[in-house]
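Working through the structure, step by step
What follows is the residue order along each chain.
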Amino acid sequence: MTRAVRAIVRGTVQGVGFRAFAVREAERLGLDGWVRNRRDGTVEAVLSGDAAAVDRMLLALGVGPPGASVVNVRSVAHAEPVAPGFSALPTE
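Below is a short write-up of the structure. Given the structure is predicted, the values throughout are model-derived calculations rather than measurements. Once a new chain begins, its residue numbering starts again from 1 and follows that chain's sequence as written. Only residues with pLDDT of 70 or above have their local features reported here, since the model is predicted, and side-chain atom pairs are shown and tallied only from 80 upward, although totals for entire chains, interfaces and linings are computed over all residues. Computation of side-chain values: all heavy atoms of the structure, hydrogens and water removed.

Side note on the sheet that holds strand β3 (residues 43–50)
What counts here: Note on pairing: DSSP must find at least two bridges between two strands before they are called paired. Secondary structure elements are taken from DSSP: a helix is a run of H or I of four residues or more, a strand is a run of E of two residues or more, and numbering for both begins at the N terminus. Only C-alpha atoms enter the line fits that serve as axes; for helices the fit covers just the stretch in contact. Angles between N-to-C directions range over 0 to 180 degrees. Pairs of residues are marked as contacts when any of their non-hydrogen atoms sit within 4.5 Å.
Pairing is mixed across the open sheet formed by 5 strands, whose spatial order is β4-β1-β3-β2-β5. In the strand order of this sheet, the two ends are held by β4 (69–77) and β5 (86–88), each with one partner. Averaged over neighbouring strand pairs, the angle between their axes works out to 20° when direction is ignored. As defined by bridge partners, strand β1 (residues 2–12) adjoins β4 across 8 bridges and the pair is classed as antiparallel. Directly across from A7, in β4, lies its bridge partner S75. Relative to the sheet, helix α1 (residues 18–29) contacts β1, β2 (32–37), β3, β4 and β5, its axis offset from that of β5 by approximately 175°. Docked against the sheet, helix α2 (residues 51–63) engages β1, β3 and β4, running at close to 155° with respect to β3.

Structure, rendered in structure tokens:
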């Protein structure tokens, strides 16, 4: 079963390699989508793929890389098409 979500990660999540961590984890889990910093200090990600892999990725985002301090991860269903592969996008 395929699932797609848009997630917002809050906490100390910029300047700690969070996007690179997210790309590595998403590729390891075989997910499509993207991750980017937002000007408000959060990180935004769109994740698409096997529902169990998306759930594992959301758990990983809740921990983050060493140096990160995640306060919370909020996700909502994402209905727009997601391009194949996973990438880090510029800050929005």
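Once you've had a look at it, read on.
Details of empty space enclosed by the protein
For clarity, the cut-off: For each structure, a 1 Å grid was placed over the protein atoms alone; sets of points admitting a 1.4 Å probe that cannot get out are labelled cavities, open sets with protein on both sides within 12 Å along at least five of seven lines are labelled pockets, and lining residues have an atom within 4 Å of a point. Grid points are joined across faces, edges and corners, and a volume is the space filled by probe spheres set on the points. Three classes are used: nonpolar for Ala, Val, Leu, Ile, Met, Phe, Trp, Tyr, Cys and Pro, charged for Asp, Glu, Lys and Arg, and polar for all others, with Gly counted as polar.
The full count for this structure, using the stated rule, is 1 cavity of 30 Å³ or more. What the largest cavity holds in volume is close to 40 Å³. Breaking the lining of the largest cavity down by element, the ones donating at least two residues are β1 and β4. Ranked by residues supplied to the lining of the largest cavity, first place goes to β4 with 3 residues. In the lining of the largest cavity, the residues fall into 2 nonpolar, 1 polar and 2 charged.

So, to be careful, I would describe these as geometric facts and stop short of saying anything about function.
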